[in-house]
Amino acid sequence: MPQRGPLQWVDGEGWLILSGGGDWQRGETDAVTAHILSIANLDRPMVVLLSEGERERGYELLESYTRLGGPGGEVVILEGMPRQRLNEPRLLTALAEAGILHLGGVQPWILARSLRNTPALAQILKGYGTLQGLLIVGAEGGAAALGAWIAGSGQETTTAPGLGLVRSAIIAPQFTTTEEAPALRAQLQQHPGFVGLGIPRGVALALGPQGQVETWGEGAVTAVVYEEAAES
């Protein structure tokens, strides 16, 4: 299992990319997307899994990748989808062939609950773990869903289980230090020894197969721990 400092993530040949999000229509995520495409296998298509929203919006997001040289692909909206559809051969084939998986939306609870213990998640992990080297991009709620725990929203401090691909962290996308750090520390009280990762808009933390930890975009990632309320 790769590890750098307090960070631990699942072993594999692909990358985990935790994006704070941003308005891709205004180009706020272009720098992160360019990095993703620079390491992706562009001969493989892309799959976009969104927690909620309109399919048309998903294809607009897909087009934001193709505008920068990315491949085309499939869009799946999880909200309201019967769980058995995550077993369908068409979706499993799309995931098996994908070079990039984009997990997005603003409801990480839907992403984690929908994917947990499904053939779709097993196929995602297989693609990430083998020489296929699937890039798993978690953006906004998708980044939060990849952590061990998902932070509560607003003033709610109760956490929920995440997908656990980043096994030691609670991930806070669209993070602003002055506004979000106290709430993140409060949620870390429930999980001593875990680290909070505050990722601002337009920034991504990329975790590589050889233990690489890279920050992409304009800005910095904030690491928050409960002990001593320290930041780095």
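Before any of the text, the structure's been laid out above.
Described in the following lines is the structure provided in the data block. Because the structure is a prediction, the values reported are computed rather than measured. (Residues numbered from 1 in each chain as written. Predicted model: local features only at pLDDT ≥ 70, side-chain atom pairs only at ≥ 80, totals over all residues. Heavy atoms only, no water.)

**Re helix H4 (residues 108-115)**
Going by this rule: Partly exposed residues are those whose accessible area sits between 20% and 50% of the maximum for their type, while under 20% is buried and over 50% is exposed, using a 1.4 Å probe and protein chains only. Where helices and strands are cited, they refer to DSSP runs of H or I of at least four residues and of E of at least two residues respectively, numbered from the N terminus. Working rule for contacts: check all heavy atoms of both residues, and any pair within 4.5 Å makes them a contact.
With respect to burial, H4 is a largely interior element, six of its eight residues being buried. Along H4, the positions that sit buried rather than exposed are Pro 108, Ile 110, Leu 111, Ala 112, Ser 114 and Leu 115. In the core, the buried residues of H4 are packed alongside strand S4 (46-50), strand S6 (100-104), helix H5 (119-129), helix H6 (141-145), strand S8 (147-150) and strand S9 (160-161). Looking one or two residues beyond H4, the residue adopting positive phi is Asn 117, at roughly 60 degrees.

**Details of the pattern of salt bridges**
Under the convention used in this document: The salt bridge definition used is simple: a Lys or Arg side-chain nitrogen within 4 Å of an Asp or Glu carboxyl oxygen.
For the structure on display, the rule yields six salt bridges. For Arg 57, the salt bridge identified is with Glu 60, shortest N-O distance 4.0 Å. Note that Arg 57 and Glu 60 are positioned in helix H2 (residues 55-67) at a spacing of three residues, about one turn of the helix. Here Glu 60 falls in the partly exposed class, since its relative accessible area comes to 27%. Notably, a salt bridge pairs Arg 85 with Glu 88, separated by 3.8 Å at the nearest N-O pair.

**Quick word on the packing of aromatic side chains**
Rules: Side-chain rings of Phe, Tyr and Trp (the six-membered ring for Trp) are treated as a pair once their centres are within 6.5 Å; stacked means planes under 30 degrees apart, edge-to-face means over 60, and tilted covers the remaining angles.
Scanning the model with the defined rule gives one aromatic pair in all. For the ring pair Trp 15 and Trp 216, a centre distance of 6.2 Å and an interplane angle of 35 degrees mean the geometry is tilted. Linking Trp 15 in the loop between strand S2 (7-8) and strand S3 (16-19) with Trp 216 in strand S13 (residues 213-217), this pair joins segments that are 201 residues apart in sequence. Residues Trp 15 and Trp 216 agree in their burial class; the two are buried.

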